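Summary of structural features
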Amino acid sequence: MRIDIISIFPDYLAPLELSLLGRARVGGLIDIRTHDLRRWTHDRHHTVDDTPYGGGAGMVMKPEPWGEAIDSVVASDAPTDVASDAPTIVASAALTPLLIVPSPSGTRLTQPMAERLAAEPWLVLACGRYEGIDQRVIDHYSQQLSVEEISIGDFVLNGGEVAAMVIVEAVARLLPGFVGNAASLTEESHAIGGLLEYPVYTKPASWRGRDVPSVLLSGDHGKIAAWRHEQALRRTAKRRPDLLHSSESVHLSDLGSTLMVTRATRADAPELLTLQRGCWVSEAQANDALGIPPLVESLADVRDGIETWTTFVVRAGGRLVGSARARLDEGCWRVGRLMVAPDLQGRGLGRWLLEHIEAQAPPEAHTFELFTGSRSAGNLRRYRKAGYRASSEPPPEPGVVVLRKPRRR
Ligand code: JQB
């Protein structure tokens, strides 16, 4: 990956040469080039700022040096794939960078965003100072490049340099082959179900009168995993309650992107209707039941469903790709409408959704229940594998099997 950074303080960016980033640089994984904006000024004082139109405090960065700087960087040699020996001459003509402008009013940097940026071949970061860069620079380049204004957090910095370093570090460590990234990346905060990390300990077992929690010395890995999950939940509830309930991000191997799981709202109804129609056709065919509710419901029915059931939707990027719902009925947590987009089936998302909806059951629930068509062989096998068994109860309608599983605590 090539990264160009333009700033009036290129010396601030020197730390990028050091440490792990420095090694990745030496190894040819990233090609970082810093540029002094003043190179593209033409007056004796190398002026880059002027007073704001409309008045107000401070100075604004003039558009002309930025225009010349970005034009020059964009027109410079396209990234060469330093990691391989392949000459890159022909492909270089079409390459344009993604232009990133750190800004306190940008979109918040998140781990999924860093993952998306890590897939880009070329980033150009434009570090502003003073009150920021004349808006026309961003508007102009938006017409010819992808431009993203990004904020690293809800606090105010003096300029974009430190933010640029944060962005570069968050992105660079995700590049395949980056030192030490293989094992630990998927285990991290934001990569595991949207919870904060559990506390960690090392030797000695006792330090200044404080003992390592004994469960960690027990050798019982089931108990250790449960304790860590509980600690992570507790921390998250205390420090980042916004991460609980509202949304959870999951990473399933093979799905390629981070999935967001949220409680469904009325606004999800149109897409949910489309997804359920697509998902229930094969079920209807297998059971000779073209009139089944998921296929014939109206948009208003789906909206009502969202309001009367605990419904979750899963999104990959912006696309709604899965859903499940449940509600309590006399101690029974009735699960229904478990669906996964046809092109994403067979990768564990349905199983994950079933576990997720089971985990939402209120304390009163003693049994999980769901039903499927008696000729839906695939569903019957998957539910059996998840611990469900046919119940002796009479089915709610002919052609349907009710499946149950006692809740385990
Ligand atoms: C000038 C920056 C940040 C870039 C990120 C973040 O522009 C301003 N507006 C109001 C107050 C201060 C500034 C100073 N400033 C360029 C510039 C601040 C980025 C920035 C940022 N990314 N906070 N501040 N999270």
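Numbering of residues begins from 1 in every chain and follows the order in which that chain's sequence is written. Predicted model: local features are reported for residues with pLDDT of at least 70 only, side-chain atom pairs are reported and counted for 80 or more only, and whole-chain, interface and lining totals are derived from all residues. Where side-chain values are given, they derive from all heavy atoms of the structure, hydrogens and water being excluded.

**Structural notes on the site of the ligand**
The criterion, for reference: Residues are labelled near a given molecule or strand when at least one of their non-hydrogen atoms is within 4 Å of it. Counted as a polar contact is a pair of N or O atoms within 3.5 Å, where, for protein atoms, one must be capable of donating a hydrogen and the other of accepting one, and residues adjacent in sequence contribute only when both atoms are in side chains. Exposure was quantified through the Shrake-Rupley algorithm and a 1.4 Å probe, taking into account, for residues, occlusion by the shown protein chains and nothing else. Secondary structure is summarised from DSSP: a helix means a run of H or I of at least four residues, a strand means a run of E of at least two, and numbering begins at the N terminus for each. Residue type decides the class: Asp, Glu, Lys and Arg count as charged, Ala, Val, Leu, Ile, Met, Phe, Trp, Tyr, Cys and Pro as nonpolar, and the leftover types, Gly among them, as polar.
Around the ligand, 19 residues are found, and the nearest of them are Tyr 130, Ser 151, Gly 153, Phe 155 and Leu 157. Ile 152 places a main-chain nitrogen or oxygen 3.5 Å from a nitrogen atom of the ligand. A distance of 3.0 Å separates a nitrogen atom of the ligand from a polar backbone atom of Leu 157. In isolation the ligand exposes 510 Å². Once the protein is present, 87% of that is buried. Breaking the shell around the ligand down by element, the ones donating at least two residues are strand 5 (98-108) and strand 7 (146-151). Here the element with the most residues in the shell around the ligand is strand 5; it accounts for 3 residues. Grouping the constituent residues of the shell around the ligand by class yields 9 nonpolar, 8 polar and 2 charged.

**Brief notes about the side chain of Ser 103**
Inclusion rule: Two residues form a contact once any of their heavy atoms are found within 4.5 Å.
Structurally, Ser 103 can be placed in strand 5. Residue contacts for Ser 103: discarding those within four places in its chain leaves Glu 149, Ile 150 and Ser 151.

**Section: the sheet that holds strand 5**
We apply this condition: The pairing criterion is simple: DSSP has to find at least two bridges between the two strands. To get an axis, fit a line to the C-alpha atoms, keeping to the stretch in contact for a helix; angles then go from 0 to 180 degrees between the N-to-C directions.
With parallel pairing, 5 strands are arranged side by side in an open sheet as 2-1-6-5-7. Looking along the sheet, the strands with just one partner apiece sit at the ends: strand 2 (31-36) and strand 7. Across this sheet, the average inter-strand angle for adjacent strands is 30°, counted without regard to direction. One ladder, built from 7 bridges, connects strand 5 with strand 7; its direction is parallel. Bridged to Thr 107 within strand 7 is Ile 150. In the packing of helix 2 (residues 63-75) onto the sheet, contacts are made with strand 1 (2-7), strand 2, strand 5 and strand 6 (122-126), and the angle to strand 1 comes to roughly 160°.

**Quick word on the confidence of the model for the chain**
As a reminder of what qualifies: As a per-residue measure, pLDDT tells how confident the predictor is, with possible values from 0 to 100.
Per-residue confidence for the chain gives a mean pLDDT of 88, with 88% of residues at or over 70. Across residues 189-193, confidence stays below pLDDT 50; counting only partners more than four residues off in sequence or on other chains, it has 14 contacts.

**Some words on the packing of aromatic side chains**
This is how it is decided: Side-chain rings of Phe, Tyr and Trp, where Trp is taken by its six-membered ring, are said to pair if the distance between their centres is within 6.5 Å; with planes under 30 degrees apart they count as stacked, over 60 as edge-to-face, and otherwise as tilted. In this scheme, a residue with accessible area under 20% of its type's maximum is buried, one over 50% is exposed, and one in between is partly exposed, where area comes from a 1.4 Å probe on protein chains only. Here, a charge over a ring is recorded when the distance from Lys NZ or Arg CZ to the ring centre is within 6 Å and its angle to the ring normal is within 35 degrees.
Inspection of every chain in the model, using the stated rule, returns 2 aromatic pairs. Where Phe 9 meets Tyr 12, the ring centres are 5.3 Å apart and the plane angle is 20°; that geometry is what we call stacked. Under the relative-accessibility criterion, Phe 9 is labelled partly exposed at 32%. Centre to centre, the rings of Tyr 383 and Tyr 388 are 6.2 Å apart; their planes meet at 65°, and the pair counts as edge-to-face. Comparing Tyr 383 with Tyr 388, the two get one shared label, buried. Across the ring face of Phe 312, the terminal group of Arg 263 is positioned such that the distance to the ring centre comes to 5.9 Å. In this structure, Arg 325 is placed above the aromatic ring of Trp 309, and the distance from its NZ or CZ to the ring centre is 4.1 Å.

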